[in-house]
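One letter stands for each residue in the lines below.
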Amino acid sequence: MKIKSLLALALAGTTALATPALAEGTIKIAVIEPLSGPLAANGGDILERFQFLFGRVNDAGGVLGGQMFEVIGLDNGWDVEKTAQQMQRAADEGVDYVINGIGPQHATAITNFIRKHNRRNEGAEMAFLAHSAGDNAITTENCDYYQAVFDPTVEMKLNALISGMQELGIEGPVFTINPDFSFGQTVDASFKELAGKAGIEIVGSEMIAPFGQVQDFTPLVARIKASGAKVVMTGNFGPDLIRLLNASVDSGLDVRFAALYGPDPSTMAAVGADKFEAAGVIAPFEYDENDTGGLPVLEELNVTYREVAKTSWGIDRYRMLVDGIVGAIEAAGDAEPKAAMGSIGGVKLTTAGGEGYVRVEDNQMVIPYFIIGVDKAAPATVLYKGDDIGFGWKTEKIIPAETMALAPTCKIEKP
Amino acid sequence: MEILPFVLLNGTLFGMLLFMLAAGLTLIYGMMGVINFAHASFYMLGAYLGYQVSVWAGFWAGMIVVPVVLGLAGVVFRRVLISRLAIEDQVSQLLVTFGAAMVITEGVQIIWGRLAVPYRIPEEMTGALFNVGGLDFPIYRFFILVVSFLLFAVILLILKQTRIGLILSAAQSRPQMVRAMGYDLDRVNDWVFAAGVAVAGLAGVMAGNLLGVYPVMAERITPLLFVIVVVGGLGSLNGALIVALALGLIDTAATTYKLSAEPLVTALFGAPERGTFLADLARFNTTSFAPILPYLLMLIVLLIRPRGLFGQRDL
């Protein structure tokens, strides 16, 4: 009993310390991500990027002729329960916009909270801006006036990958390997459906226990070999992708990898340029650092973020999210979510591959997408927290926005 | 069928890696009666230190320096933490070693960050040794296989053929008597602990660049080690070897030769609809079942033979 109350006290102490104080009269943005625990590095990186991006907007004079953004990070410790708690805190603090993206279950908790909150608190609505689509149905089934997604859905990405593979002559037969949880299952099912329509043959598939549980991938390598596959499509990430690539290249397996998470710097560093090249990794991605499409803002970010964070800009959809909400606020002439979210659909976005937009029907971002391939001689090599990974990417193909925009399956009702 | 040798070789390799970890764990238990939850953390430390030394002085330096350093660290670990605990007090043992494992996990994150570090196979070891069924068997994997078997032979020789081995096995069953005969049991325990930790560290140095070096690598492998030690029999080196190899091969075989329940379900009840119970049943296959198999095995062994296959005493 004593220990329990002590623990409770200690916990209360840390939360009290962690409560951020927000200034009056600013547009309040809460980034709810894991800032502690196994995914802290990813969550911290995301928070840093949003602070940097909104800082740029503020430096340029804010929005609506001088209103400033204020960004706070709220730690959900990779625990859905804590995400709900942090949402309550965000609501108490008067947060206007919540940003999240790691883990679909967290996005679901946020959508549920916001719906309830907005019903009960007219005039103090909150909105949800998702920076990663994951496998959740924010725009495909559960679209809502108060939420927008700034990442192509899994279907859109896979559709891009498949049309890219066909244009590049990387047509299979394909073996799919995906992590056995909701995300991997969605990837696997969608890929098979889309590949079937495109006439790509699938000769084998496997769902593996995710997050480093599989120590040895050589049995799968043997299966891939026996299946006669020429392409391996995988949604594996982290240790699962590192081990898969290592085992397959070490065994001299003659296949190309279409790896959704290939461009992750940690994986790139662990596996190395030679093996990445030997595995012929391609990936669908929002932009390639060596191909800014002549966009001045990207050329600037490529340089400045390297100086500021010792990390290459690499990921660009966070900028699109910030441009999206800034555009919506300017168009509505009002920073309150109730007004601004009415204008977010239709906002035009500039991207390295050409013009993109937020779709009116479901607040889903639609942008041209890149199919990128390993480039050992790339001028801009990937830099992550001061470590130069030593190689980079090149554009293999740009998939136009028209191809990306699969027909919307959900329609927002205005409140 | 032609991939069978490839599968066997890789299964053996994985089994031997597990053995290198389980050997120390089971020997330490046999000698000291301590269940060391932090054992796999030394494997992880071995991998991180192996990476660090390889950056400074190359892979081969790591092969030698890391086990020595970790062996010394093991002695300190035992002197400071373990030797203060009573053998009977298993709750304290669990708490102390579990706590140490968490401290080590957080420690490596503070030093090396939370992402995988770029630890590569040494240049001179890249490439294939031979080709089986159209697939290469890399030199490096063969090297690990050789080292691990050599290590097993050395441990076995020491235990069975030398005076040290004699004292060790005497100390396992009659520690009071060994002490009475004038042997410093505390120092013997130091040596065993150091050796066990050093071997785990060496496994880390060699496996790190194969499996990836990242902060949860210890967490992921600890449960498997306990399966091996429990099924093989606490304190039994032979048991650890046989069970480790069996697990490696079973896991490999279940993944390579995927048997699915789908044809059976379809034959009995017709093609199942998505989302029904039958569809879930049809999804059952040996590959996705493979990670659970070791634990099932442990449950069965605990139920019918609690001392493990080669154990001397019941749990």
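None of these values were measured; they are calculated from a predicted model.

### Comments concerning the confidence of the model for chain B
Low-pLDDT portions of the prediction should not be read for the details of their coordinates. All names here are of chain B. When the pLDDT values of chain B are averaged, the result is 88; 98% of them are 70 or greater. Helix H13 (residues 286-289) is the least confidently modelled element of chain B, averaging 78 in pLDDT, while helix H2 (residues 39-57) averages 96, the highest of any element. The ipTM assigned to the predicted complex is 0.86, against a pTM of 0.87.

### As for the environment of valine 7 of chain B
Take valine 7 of chain B: it is sitting in helix H1 (residues 4-32). For valine 7 of chain B, a count of 23 C-beta atoms within 10 Å gives the class buried. Considering only alpha carbons, one finds valine 7 of chain B and leucine 249 of chain B, 242 residues apart in sequence, at a separation of 8.1 Å. Excluding residues that lie within four positions of it along the chain, valine 7 of chain B makes contacts with Pro219 and Ala222 of chain A together with Thr252, Ala253 and Thr256 of chain B.

### Details of the pairing of strand S7 (residues 202-208) of chain A
Residues and elements named next belong to chain A. Note: strand S6 (residues 174-179) against S7, six bridges, orientation parallel. Bridge pairing links proline 179 to isoleucine 208 in S7. Running through helix H6 (residues 182-198), the crossover from S6 to the neighbouring parallel element S7 is right-handed.

### A few points about unusual backbone geometry
Keep in mind that most residues, glycine aside, have a negative phi and that most peptide bonds are trans. The backbone phi angle of leucine 64 of chain A is positive, close to 50°, even though this residue is not glycine. Along the polypeptide, leucine 64 of chain A turns up in the loop between helix H2 (40-59) and strand S2 (69-75).

### Digging into the domain arrangement of chain A
Residue and element names in this part refer to chain A. When cut into domains, chain A gives domain 1 (2-152) and domain 2 (155-285). Using only C-alpha atoms to locate each centre, domain 1 and domain 2 end up separated by 32 Å. Listed as interface residues are four residues of domain 1 and, on the opposing side, five residues of domain 2. Of the residues that constitute the side of domain 1 that touches domain 2, the class distribution is two nonpolar, one polar and one charged.

### Here we look at the interface of chain A and chain B
On the side of chain B, 31 residues touch chain A, which itself brings 31 residues to the contact. Sorting the residues of the side of chain A that touches chain B by element identifies H2, S7, helix H7 (218-227), helix H8 (239-250) and helix H9 (265-271) of chain A as the ones contributing at least two each. Top element by residues in the side of chain A that touches chain B is H7 of chain A. It accounts for eight residues. Classifying every residue of the side of chain A that touches chain B by side-chain character gives 15 nonpolar, nine polar and seven charged.

What counts and what doesn't
Residues numbered from 1 in each chain as written. Chains lettered and ligands numbered in written order. Predicted model: local features only at pLDDT ≥ 70, side-chain atom pairs only at ≥ 80, totals over all residues. pLDDT = per-residue confidence, 0-100. Helix = DSSP H or I, 4+ residues; strand = E, 2+ residues; numbered from the N terminus. Buried ≥ 20, exposed ≤ 12 C-beta atoms within 10 Å, placed from the backbone. Contact = placed C-beta atoms within 7 Å. Pairing = 2+ DSSP bridges. Right-handed = clockwise from strand over helix to strand, strands pointing away. Domains from an automatic or database assignment. Nonpolar A, V, L, I, M, F, W, Y, C, P; charged D, E, K, R; others polar.

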